[in-house]
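# Examination of the molecular architecture
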Amino acid sequence: MLTVALDRSADDARPWIEAAKTTHPSLVDSEHVVADLFRIVNVPTGIWIDERGRIVRPNDAVFGTDTFVEMHGIASGPHLEALRAWVTAGAAPFATADDVRAHQVLPTAEEQLARAEFTLAWHLHRRGRIEAAERHFLRAGELAPHDWTIRRGSMPIRGLDPMGEALIPLWNEWAAAGMPYYPPMKPRG
Amino acid sequence: MTFTLLDETRPLTVDARIDGDRVRLPRAAVRDALGWELKPQGLCRGERCVLVPAPAELIRDGDVDLAALAKLLDRPLALDAAEGAACLGAAADERAERLRSLDAPDFTLPDVNGRPHTLSGFRGKKVLLVAWASW
């Protein structure tokens, strides 16, 4: 298991990592490199990669527990069972590479521009150019309105509570759009 | 003026000429910092060359126009000329092609203690990669 925190610093991620007493590598991705490489648009996102470095199960909303199942409707059980079957018995979730691809959502030019705006905003913010940064954070959010790594991910940086009022418009727009996250995926088995 | 160009997330400091919203970089800076060089056959980096349909748009007063370069390379450009900074992001097509190949893109990131880990270092093991956040 390899976790990647899309957080602005190790300090934000550390309390959670320490509380979980993790034994796997817990990485910090303050530049959202992994979000860019894998087109990650929300957290948590789980991706299965096999021994040869091949993606065998692409981006999916995966949870380790049912703590918030009433909110997001995704039960943790089926994915965990499929994961166990893969790890212990090599049960592949999809029969063919094309089946895997059928469940991928690929990045658009707009989404990539949003990421560039976010990167610029973060850079400007760290240089103390707060107003300029804010313009680019907002622009990024306009370009990718359903990318929570951008719209919600920027909230701690911008001094907004990611659990508070700022979340409401994001949630409403996302719900109105049919809650795009990743296409529904059945684990096999 | 001193200009910061973020090549994806990598910050580069270059000397730029800024004219309103137009940013021009010296050809040597584009070659040294980004690896792209204008040759008779086009704009080239290593073995790869891109045809330049409008050279007068790309090269103005001997310098490389940043927006024209981004367009030619099909890479997104987030620009703040007033702040002297820009981010040249990764092309959607390039990201998409890589993901379609199903070869997981490689990366190196630090853990909470600052120690770097590389995804390809886990070859030979199954990996569940989970992206999460404190937000």
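What counts and how
- Residues numbered from 1 in each chain as written.
- Chains lettered and ligands numbered in written order.
- Predicted model: local features only at pLDDT ≥ 70, side-chain atom pairs only at ≥ 80, totals over all residues.
- Helix = DSSP H or I, 4+ residues; strand = E, 2+ residues; numbered from the N terminus.
- Rg over C-alpha atoms; globule rule 2.2 N^0.38 Å.
- Buried ≥ 20, exposed ≤ 12 C-beta atoms within 10 Å, placed from the backbone.
- Contact = placed C-beta atoms within 7 Å.
- Nonpolar A, V, L, I, M, F, W, Y, C, P; charged D, E, K, R; others polar.
- Pairing = 2+ DSSP bridges.
- Axes fitted to C-alpha atoms, helices over the stretch in contact; angles between N-to-C directions.
- Domains from an automatic or database assignment.
- Core = buried A, V, L, I, M, F, W, Y, C linked by C-beta atoms within 7 Å.
- Expected span 1.5 Å × (residues − 1).
- Arc of directions from axis to C-beta.

Counting secondary structure elements, chain B contains four helices and 14 strands. Against the 2.2 N^0.38 benchmark of 14 Å for 135 residues, chain B shows a C-alpha radius of gyration of 18 Å, more extended than a compact globule. With the principal axes as the frame, chain B shows a C-alpha extent of 55 × 35 × 25 Å. Looking at the 135 residues of chain B, the share that counts as buried comes to 31%. Relative to all contacts within chain B whose residues are 6 or more apart in sequence, the contacts with residues 24 or more apart total 33%.

A separate point is the interface of chain A and chain B. Facing the 69 residues of chain A at the interface are 44 residues of chain B. With eleven residues, helix α6 (residues 109-126) of chain A is the single largest residue contributor to the side of chain A that touches chain B. For the side of chain A that touches chain B, a count of residues per class yields 40 nonpolar, twelve polar and 17 charged. In this sheet, strand β14 (residues 127-132) of chain B lies alongside strand β3 (residues 45-49) of chain A in antiparallel orientation, the contact comprising five bridges. If you follow A:W48 over to β14(B), its bridge partner there is B:L128.

Attention now moves to the sheet that holds strand β1 (residues 2-7) of chain B. Residue and element names in this part refer to chain B. The strand order β2-β1-β11-β10 describes an open sheet built from four strands, whose pairing is mixed. Of all the strands in the sheet, just β2 (10-15) and β10 (77-80) have a single pairing partner and so form its edges. Ignoring which end each strand starts from, the neighbouring axes of this sheet average 20 degrees apart. Where β1 lies against β2, six bridges are found, and the strand directions are antiparallel. Within β2, the position partnered with D7 by the bridge is R10. Against the sheet, helix α1 (residues 27-34) touches β1 and β2, its axis set at about 160 degrees to β2.

The figure often quoted for interface size is the accessible area lost as the parts come together. All names here are of chain A. Taken as a whole, chain A is organised into domain 1 (3-102) and domain 2 (109-176). Computed from C-alpha coordinates alone, the two centres of domain 1 and domain 2 are separated by 22 Å. Across the boundary between the two partners, domain 1 contributes eleven residues, which contact ten residues of domain 2. Classifying every residue of the side of domain 1 that touches domain 2 gives five nonpolar, two polar and four charged.

Among the nonpolar cores identified, the biggest contains 37 residues, and A:L120, A:A121, A:A140, B:L66, B:L77, B:A78 and B:A86 are the most heavily contacted of them. Elements with a minimum of two residues in this core: α6 and α7 (130-143) of chain A together with β1, β4 (22-26), α3 (66-73), β10 and β11 (85-88) of chain B. If one sorts the elements of this core by residue count, α6(A) sits on top with eight residues. Once residues within four sequence positions are removed from consideration, A:A121 is found in contact with A:A133, A:H136, A:F137, A:A140 and A:S154. A:L6, A:A35, A:W86 and B:L119 belong to the second largest nonpolar core, which has 34 residues in total.

Right, let's talk about the pairing of β3(A) for a bit. Residues and elements named next belong to chain A. β3 sits mainly inside the fold: five of its five residues count as buried. Going residue by residue along β3, you find T45, I47 and I49 tucked away on one face and G46 and W48 tucked away on the opposite face as well. Across three bridges, β3 lies against strand β4 (residues 55-60) in antiparallel orientation. When the sheet's bridge partners are listed, I49 is paired in β4 with I55. With antiparallel pairing between neighbouring strands as the criterion, β3 and β4 make up a hairpin whose turn holds five residues, including G53 at a positive phi of roughly 80 degrees.

Here we come to helix α4 (residues 77-89) of chain A. Side chains of residues three or four places apart in an α-helix project in the same direction, reflecting 3.6 residues per turn. Relative to the 18 Å expected for 13 residues at 1.5 Å per residue, α4(A) spans 18 Å between its end C-alpha atoms, a close match to the ideal helical length. Along α4(A), the residues that are buried comprise A:H79, A:A82, A:L83 and A:W86. The arc enclosing the buried residues of α4(A), seen along the axis, measures out at 105 degrees, which places them on a common side. Within α4(A), the exposed residues directed more than 90 degrees away from the buried face are A:G77, A:R84, A:T88 and A:A89. Check the buried side of α4(A) and you find it contacts β3 of chain A together with β14 of chain B. At the exit of α4(A) stands A:G90, carrying a positive phi of roughly 70 degrees.

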